[in-house]
Structures are given as structure tokens and as C-alpha cells.
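Notes for the structure review
Each chain, letter by letter, is given below.
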There are 2 protein chains.
Amino acid sequence: MLKIIVITHGTFSEGIRSSLEMILGKQEEFLTYSILENCDLESVKSELNDELEKSSASGQEVLFLSDLFFGTPFNLITPLMEHHRFFHITGINLPLVMEIVSNRNAEDIPGMLQESLSLGQSAMLDCVDYLKSAMGSRKEDY
Amino acid sequence: MLKIIVITHGTFSEGIRSSLEMILGKQEEFLTYSILENCDLESVKSELNDELEKSSASGQEVLFLSDLFFGTPFNLITPLMEHHRFFHITGINLPLVMEIVSNRNAEDIPGMLQESLSLGQSAMLDCVDYLKSAMGSRKEDY
């Protein structure tokens, strides 16, 4: 099973986990790291490295999910690419995370991640515009 | 100033607020609602209605931000369209919320929201692909 590690500024990681688990139930192999003010970043980086080594030893794939391109969590993860192979998606929203979690046993992980990204992007939308447009279409249809 | 109301399953709303405020500082006119198990949805709906009436009386625009298209928070907000005018974006991520908050005093709110949506979508990406591609381009450039 794909191991998922969510790492964000503040408690966003725990918040999105709470939202996810309310809808899809408790998740295994799903870790969260919250980078708070005065957090010991070296210690977090060392923990992430340990997780990667443990997963590598057992042949498990790892996916990092972060909140912001070039934010502190992103910058903690990127240097780990030097010695480890893993996946990393940034700018997460709930539809993206739900899609990934629902398909984490897929054989083609890169393909599954691309499809999840596409779904996550299209599920970010202006609801008022969408509903007005849907109502307009319906009016024309009937 | 545009009033922002974030409403999500679980504590995602407070989590993303914590992440946002860690980066951009404390926000005014920024409310969060967490829809937990056994939450009294009618009471939340009534509170949201009160917020809309208060803002309408003072001529203030309101933007709802929700986590999931057709999720419970989305379904609480949508019926309020019958009696109120407001903005509503779903599928939020941190780059989107940061962009909106940074431009909440814009004169053209619909235009600002469209630009923020576009930025939020493009800031959701596969970092490994992006970095490999950026490194490849650099190699060719130099």
C-alpha cells in the first residue's frame, strides 16, 4: 500500500485528515506533520528520512503531499530527492486527497496521480457560476 | 472588506486558517465553521443566514469557501442562494486562499476570484515532474 505523508504549515495536515476520515473512514499508512512556529526543522527532516529508509527497505512506495509550492514543508521534502525516490504533490485540496486515497492500491501509481491531479484541479470551481450555468442548460434542455 | 467564511467537513477549516495565518498573519472578517459528526446542521445554516443578513445590511460582500463539491458544507450554502447574493468557491487549497486573502480589497471581486482560481489550480502540481523538467531545461540552457 502506498504510504502517504501530509506535511503542511500549521495544522492544515491534521485538518484535512479529519475531513478525509469523516468521509472515507480511518486511514492506515497515512502520516501527518504540522510545521508550527519554532518547530525543529532538522528533526522533522530526519524523521522524514527515517520514514523513507524504512519504506525503501520494505519496497513500499511513498507519496508526500504538501500545501504550498516552495513553502517550508516543500523545502524540507525536496532535498530528500538526492538519496530517495518518492512522489510529491503540492497545493493539495480535499478532492485530490480523496481520489488518491481511494486509488492508493493502483498498479500504475504515476498514472493514478496524474488522474487525481486533473480531478483535484477541476473540482476547484466557482459554484455560483457553475450552478447558474447548469440551471441555464437545464432550462434550454426542457 | 470582503467577508470570508470557510466551511468544511471536520477541522479542515481551522487547519487551513492556521496555515494561512502562519504565513500571512492574523485575518479579520475571516470565519471558520467545522462540520463535525452529530453537528446540528440547521443551527449552522441559521448562523450562516444571520451572517449574510448582517453583511447585506452593511453592504459587505461575502465569499464562502468550501472543501468539496456537493459535500455537506456545499449543500448547506447552496440553498442560501435563494434569498442572498454571495460568492462561493469549492475545492479550496492554500495557494487559492492566500491569493484571495491578499486581494480581498480588489474592486473587481468576480475578476479577482477567477484569477485566484486559475492560480490555485496551477499551484496544484507534481513536484518531482516539475523539478525534473526544470533541471532538464537548465541543462539545455547552459
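A short tour of the structure in this document, coming up. (Residues numbered from 1 in each chain as written. Chains lettered and ligands numbered in written order. Predicted model: local features only at pLDDT ≥ 70, side-chain atom pairs only at ≥ 80, totals over all residues. Heavy atoms only, no water.)

1. Side note on the overall build of chain A
When helices and strands are tallied, chain A shows six helices and five strands. The order of helices and strands in chain A, counted from the N terminus, is β-α-β-α-β-α-β-α-α-β-α. Taken along the three principal axes of its C-alpha coordinates, chain A extends 60 × 35 × 30 Å. Buried residues in chain A amount to 50% of all 142 residues. Pairs at least 24 apart in sequence give 70% of the contacts found in chain A among residues at least 6 apart. When the accessible surface of chain A is split by element, carbon and sulfur atoms take 48% of a total near 6900 Å². The distance from the centre of the 10 positive side-chain charges to the centre of the 22 negative ones in chain A is 6 Å. (Helix = DSSP H or I, 4+ residues; strand = E, 2+ residues; numbered from the N terminus. Buried < 20%, exposed > 50% of the residue type's maximum accessible area, 1.4 Å probe, protein only. Contact = heavy atoms within 4.5 Å. Areas by Shrake-Rupley, 256 points an atom, 1.4 Å probe, with all protein chains shown as cover. Lys, Arg positive; Asp, Glu negative; His and termini not counted. Charge placed at Lys NZ, Arg CZ, Asp CG, Glu CD.)

2. What about the sheet that holds strand β4 (residues 87-90) of chain B?
If you walk across this open sheet you meet the five strands as β5(A)-β4(B)-β3(B)-β1(B)-β2(B), and the pairing is mixed. Lying at the two open borders of the sheet, with one neighbouring strand each, are β5 (125-126) of chain A together with β2 (30-35) of chain B. Two elements, strand β1 (residues 3-9) of chain B and β2(B), share six bridges in a ladder whose sense is parallel. When the bridges of β2(B) are listed, I5(B) appears paired with L31(B). (Pairing = 2+ DSSP bridges.)

3. Thoughts on the packing of helix α1 (residues 12-24) of chain A against helix α4 (residues 94-102) of chain A
All names here are of chain A. At a closest axis distance of 10 Å, the pairing of α1 and α4 adopts a crossing angle of 55 degrees. With respect to each other, α1 and α4 are oriented oblique. Judged by the twist between their axes, the crossing of α1 over α4 is right-handed. The segment α1 lies against α4, with I16, S19, L20, I23 and L24 engaging L94, V97, M98, V101 and S102. (Axes fitted to C-alpha atoms, helices over the stretch in contact; angles between N-to-C directions. Parallel < 35°, antiparallel > 145°, perpendicular 65-115°, else oblique. Left-handed = near helix turned anticlockwise from the far one by under 90°.)

4. What to know about the relation of the copies chain A and chain B
Overlaying chain A on chain B yields an RMSD of 0.0 Å, the required transformation being a rotation through 180 degrees with an accompanying axial translation of 0.0 Å. Both copies of the chain, as the preceding transformation shows, are related through a two-fold rotation axis. Take the interface residues of chain A: 100% of them recur as interface residues in chain B, which is what a same-surface contact looks like. (Least-squares fit on C-alpha atoms with pLDDT ≥ 70 in both.)

5. Topic: the side chain of K3(A)
Residues and elements named next belong to chain A. Tracing the sequence through the fold places K3 in strand β1 (residues 3-9). With a relative accessible area of 5%, K3 lands in the buried category. Reaching out from K3, the side chain makes a polar contact with the side chain of E51 at a distance of 2.5 Å. Those residues within four positions of K3 in sequence are excluded, and the remaining contacts are E29, E51, K54, S55, Q60, E61, V62, L63 and R104. (Polar contact = N/O pair within 3.5 Å; in protein donor to acceptor, adjacent residues only side chain to side chain.)

6. Let's talk about the pairing of strand β4 (residues 87-90) of chain A
Residue alternation in β4(A) divides its side chains into two sets, F87(A) and I89(A) and H88(A) and T90(A), and both sets are buried. As paired strands, strand β3 (residues 62-66) of chain A and β4(A) are joined by four bridges and run parallel to one another. What sits directly across from S66(A), in β4(A), is T90(A). Between the parallel elements β3(A) and β4(A), the chain passes through helix α3 (residues 72-77) of chain A in a crossover that is right-handed. One ladder, built from two bridges, connects β4(A) with strand β5 (residues 125-126) of chain B; its direction is antiparallel. The residue bridging T90(A) from the neighbouring strand is L125(B), located in β5(B). (Right-handed = clockwise from strand over helix to strand, strands pointing away.)

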